[in-house]
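Understanding the architecture of this molecule
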Amino acid sequence: MSFYSRSFAVDLFSRGNSGIDLRLIRARRRVAAMSGMELQWDRPRTALLVGAAGSGMRALARVLFDRGWHVVGADQRSESGAPFPWRTGHAAGNLPRDCALVVHSDAIEPGCPELAAARRRGLPVMRYIEAVASLLAAPPRPRVLAVAGTHGKSTTTAMLAAILQRAQCDPTVLCGATPLGGCWGAGGRNGGGPWAVVEACEWNRNFLILKPHSVIILNIERDHLDTYPDERSLLAGFTEFAERVPSDGLLVVGTDSPLAVQLRDRLPRRPVVTFGFSQADWIALPDAADGPPRAFSVMYRGRKAAEVRLRLLGRHHVINALAALVAAVESGVDARQAAEALAEFSGLERRMEYLGRHGDVEFYDDFAHHPTEIAATLTTLRQLHPRRRLVCVFQPHQRQRTIGLLDEFAKSLAAADLLAITDIFAAREPPGVGPDGIAEELRRRVRGPVSIVADSPDRLPQTLAEALTAGDLFVTLGAGDIRQLADDVRRRWKAT
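What counts, and at which threshold
- Residues numbered from 1 in each chain as written.
- Predicted model: local features only at pLDDT ≥ 70, side-chain atom pairs only at ≥ 80, totals over all residues.
- Heavy atoms only, no water.
- Helix = DSSP H or I, 4+ residues; strand = E, 2+ residues; numbered from the N terminus.
- Buried < 20%, exposed > 50% of the residue type's maximum accessible area, 1.4 Å probe, protein only.
- Contact = heavy atoms within 4.5 Å.
- Polar contact = N/O pair within 3.5 Å; in protein donor to acceptor, adjacent residues only side chain to side chain.
- Phe/Tyr/Trp six-rings, centres within 6.5 Å; stacked < 30°, edge-to-face > 60°.
- Arc of directions from axis to C-beta.
- Axes fitted to C-alpha atoms, helices over the stretch in contact; angles between N-to-C directions.
- Parallel < 35°, antiparallel > 145°, perpendicular 65-115°, else oblique.
- Left-handed = near helix turned anticlockwise from the far one by under 90°.
- Pairing = 2+ DSSP bridges.
- Core = buried A, V, L, I, M, F, W, Y, C linked by side-chain atoms within 4.5 Å.
- Salt bridge = Lys/Arg side-chain N within 4 Å of Asp/Glu carboxyl O.
- pLDDT = per-residue confidence, 0-100.

Some thoughts on the overall build of the chain
The helix and strand tally for the chain stands at 16 helices and 21 strands. By residue count, 58% of the 496 residues in the chain fall in the buried class. Looking at the chain alone, contacts between residues at least 24 apart form 66% of all its contacts between residues at least 6 apart.

Here it is, written out as C-alpha cells:
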C-alpha cells in the first residue's frame with residue numbers, strides 16, 4: 001500500500017476546484033481503513049519508525065513499545081538511550097523481515113529507502129499523525145483530549161497528563177517533548193484509562209485528521225505560513241478543528257489571544273469554556289510579587305477555585321497551567337487535586353530548561369522558535385535575574401517562517417544584551433534549502449544587543465565561550481539542533 005502516489009509537494013497541498021482538501025480526505029480514509037481489522041493495533045507485531053528521533057515519533061514509539069509491539073527506530077541521528085533497536089542512517093536493510101507497519105515523520109522524504117522497500121513489499125505506510133489517529137480510533141477507543149494552539153502545546157499536554165495521572169485516570173499520552181523528572185519516558189505513555197491526551201499540531205492541517213472528544217485551543221497566531229498564508233486561512237483551520245468536537249465533548253478556548261476569541265465568536269451555538277488572565281470563565285490571578293510569576297489564584301466566575309504554585313516560572317507557564325487545570329476540572333477532576341499535580345510538575349526538556357551553573361554563568365536552553373515564544377523566555381529570564389547580562393544564541397527554524405516574521409523576530413531578540421544568530425535550520429523544507437542570507441538580514445535588523453559573529457559556524461562555540469564573563473545568563477533558543485551548541489559552549493567555558 002502506498003500513501004505517496006505522487007510527489008510530496010503535490011500531495012501535501014492538493015485541492016480540488018471546490019476548495020476541498022483532497023489530501024486531507026485521503027488521509028482520513030487511510031486512517032479509517034487502518035483503524036479496522038486490517039491493522040489490529042491490539043495485536044502487537046513489528047513496526048519500523050522512520051524519523052524516530054523526532055519528538056512526536058519518540059512518543060509514539062514509547063506507546064507502541066509499552067503495548068508490546070516490537071519497535072525498530074531509524075533516523076539520521078543516533079540514539080543510545082532508546083529501549084528498542086535503533087538504526088542510524090537510512091537504508092532499505094533497516095526494514096525488518098517480519099515488519100507489519102512502517103510509520104514515518106513528516107520530515108522524511110517520500111523516496112526514503114525504508115519507505116520504498118516497504119511499498120515494494122506491500123506493507124502499510126503511515127505518516128505519524130495518521131498512525132496516531134488510527135491507533136486512538138481502534139479498541140479500546142479512549143476519549144481523545146487534544147491540545148492545540150500556536151504556543152504551549154507540549155507543556156499543557158504534559159501538565160494535563162500529570163493531573164489525570166494524579167487523579168488515577170491512567171491516561172494514554174502523546175506529547176511533543178520529554179518530561180523532566182522521569183514521570184514517563186520520551187513524551188509518550190500507554191495508559192489503560194478512558195482518556196488519551198494528545199498534542200495536536202496545526203501544521204499541514206494535521207490536527208484535522210484527529211477525532212477529538214475534547215479540545216483545548218490555547219492561542220492562535222501566524223506561524224506555519226506554508227500551510228496558512230494569512231489569518232483568514234489560519235482561523236478557518238482552527239475553526240474546523242473546533243467543530244470536530246462532538247456535542248457531548250468539551251471545547252476550552254483561551255481569551256488572551258484575539259484570534260482565539262474570534263474563533264469562539266464563530267461558534268455561537270456551541271458551549272465554550274474560556275480561560276485567561278481576564279474576561280473569561282476561568283481566570284488566573286498571579287501573585288503580585290516581584291520577578292516572574294509562579295503562584296496564582298484560580299477564579300471561576302468570581303469565586304476562588306484553587307491556589308496553584310508552580311515549579312516553573314513565567315506568565316506563559318501560568319496560562320498553560322490554567323488551561324490544563326480547566327480541562328481537567330471540566331472533565332470531572334477535583335480542582336485541588338489538579339493544583340497539587342501542577343505543583344509537582346517539573347517541566348519539559350528544552351522548555352526554559354536549566355542546564356546548570358558553570359563558572360558563575362547560568363545556562364538555559366529553550367525550544368522557542370517563534371517571536372512570541374522568544375519574548376516570553378527572554379522576559380522571564382530578565383525578571384529572574386534583572387542585573388545579569390543576557391547572552392542569547394538563536395537558531396531560526398525554517399526559511400518561510402523566518403522571512404514572514406522577520407520584523408517580529410528582530411523586535412523579540414532585541415531584549416538580549418549579546419546576541420548570536422546561526423544559519424537557518426531548514427526542517428521539512430525542500431532539499432537544497434539552506435543558508436541564503438536570510439539569517440544575515442535578521443542580524444542586520446535587530447537593534448540593541450551587541451552581535452556575536454564567528455569566523456565560521458565551527459568557530460561559534462569558542463567565540464561564544466570567549467565572550468562570556470562571570471555572572472552572565474546564557475540561553476540557546478530554537479527548534480533545531482541548537483542544544484548541541486549549548487553543551488559545547490558549557491564545556492569550553494569550564495575550560496577557560
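Describing the side chain of Arg443
You can see Arg443 is positioned in helix α14 (residues 438-445). A polar side-chain atom of Arg443 sits 2.8 Å from a polar atom in the side chain of Glu440. Here Arg443 is in contact with Ile421, Thr422 and Asp423, once residues within four sequence places are set aside.

Some points on the packing of aromatic side chains
Within this structure, the stated rule accounts for nine aromatic pairs. Centre to centre, the rings of Phe65 and Phe84 are 6.3 Å apart; their planes meet at 50°, and the pair counts as tilted. Taken together, the residues span a long stretch of sequence, with Phe65 in helix α3 (residues 55-66) and Phe84 in the loop between β2 (70-75) and β3 (86-88) at a distance of 19 residues. Assessed through its relative accessible area of 31%, Phe65 is described here as partly exposed. Owing to a relative accessible area of 12%, Phe84 belongs among the buried residues under this scheme. Taking the centre distance of 5.1 Å and the plane angle of 50° together, the rings of Tyr354 and Tyr364 count as tilted. Within this pair, whereas Tyr354 is found in strand β16 (residues 353-358), its partner Tyr364 is found in strand β17 (residues 361-366), the two being separated by ten residues in sequence. Judged by relative accessible area, Tyr354 falls into the partly exposed class, the value being 41%. Tyr364 gets classed as buried once you look at its relative accessible area, which sits at 7%.

A closer look at helix α8 (residues 258-265)
Among the residues making up α8, those that are buried are Leu259, Ala260 and Leu263. Here the buried residues of α8 occupy an arc of 100° about the axis, which is enough to place them on one side. Elements in contact with the buried residues of α8: β10 (214-217), α7 (231-242) and β11 (250-254).

Quick word on the packing of α7 against α8
Relative to each other, α7 and α8 sit at 50°, their axes nearing to 10 Å. As summarised for this structure, α7 and α8 are arranged oblique, according to the angle between their axes. Here α7 and α8 pass one another in a crossing that is right-handed. Residue-level inspection shows Glu231, Leu234, Leu235, Phe238, Thr239 and Ala242 of α7 in contact with α8, the latter providing Leu259, Gln262 and Leu263.

Remarks on the sheet that holds strand β15 (residues 303-309)
Here we have ten strands laid out as an open sheet, ordered β8-β7-β9-β6-β10-β11-β12-β13-β14-β15, and mixed in their pairing. At either end of the open sheet lies a strand with only one pairing partner, and these are β8 (188-189) and β15. Alignment of strand β6 (residues 143-148) against β10, held across four bridges, turns out to be parallel. For Val147, the partnering residue across the bridge sits in β10 and is Ile216.

Quick look at the nonpolar core
Residues Trp41, Leu49, Leu60, Ile220, Leu251 and Leu263 are the most contacted members of the largest nonpolar core, which totals 56 residues. Ranked by residue count, the leading element in this core is helix α5 (residues 128-137), at seven residues. Not counting residues within four places of it along the chain, the set of residues in contact with Leu60 comprises Leu49, Val103, Tyr128, Ala131, Val132, Leu135 and Leu174.

Some words on the pattern of salt bridges
Overall, the coordinates contain 28 salt bridges when judged by the stated rule. The closest approach of N and O atoms between Asp265 and Arg264, which form a salt bridge, is 3.1 Å. Between Arg483 and Asp365 there is a salt bridge, with its nearest N and O atoms 3.6 Å apart. Pair noted here: Arg483 is in helix α16 (residues 482-495) and Asp365 is in strand β17, with a separation of 118 residues, a long-range link. Relative accessible area serves as the criterion here: at 24%, Arg483 is assigned to the partly exposed category. Residues participating in the shared-partner salt-bridge network are Arg350, Glu353, Asp365, Arg483, Asp487 and Arg490.

Points about the confidence of the model for the chain
For the chain, the average pLDDT comes to 89, and 89% of its residues sit at 70 or higher. Scored below 50 in pLDDT, residues 1-18 shows 38 contacts in the model against residues more than four places distant or in partner chains.

Points about helix α10 (residues 335-344)
Given 3.6 residues per turn, any residue in an α-helix points the same way as the ones three and four places further on. Along α10, the positions that sit buried rather than exposed are Ala335, Ala338, Ala339, Ala341 and Leu342. Angular distribution of buried residues about the axis of α10 spans 160°; they occupy a single face of the element. Check the buried side of α10 and you find it contacts α6 (153-166), β15 and α9 (315-330). Sitting at the head of α10, Asp334 places a side-chain oxygen 3.0 Å from the backbone nitrogen of Arg336.

Points about the pairing of β15
Here strand β14 (residues 295-300) runs beside β15; their pairing, made up of six bridges, is antiparallel. Residue pairing across strands places Ala295 opposite Arg309, the latter belonging to β15.

What about the sheet that holds strand β1 (residues 46-50)?
With parallel pairing, the five strands of this open sheet are ordered in space as β3-β2-β1-β4-β5. With partners counted over all chains shown, the strands left at the sheet margins are β3 and β5 (125-127), one partner each. Strand-to-strand, the axes of this sheet are offset by a mean angle of 20°, without reference to chain direction. In the sheet, β2 pairs with β3 via three bridges, with the strands oriented parallel. Paired with Gly73 across the strands is Trp86, a residue of β3. Running at roughly 170° to β1, α3 makes contact with β1, β2 and β4 (99-104) of the sheet. Where α5 meets the sheet, its contacts fall on β4 and β5, and the angle it forms with β5 comes to roughly 100°.

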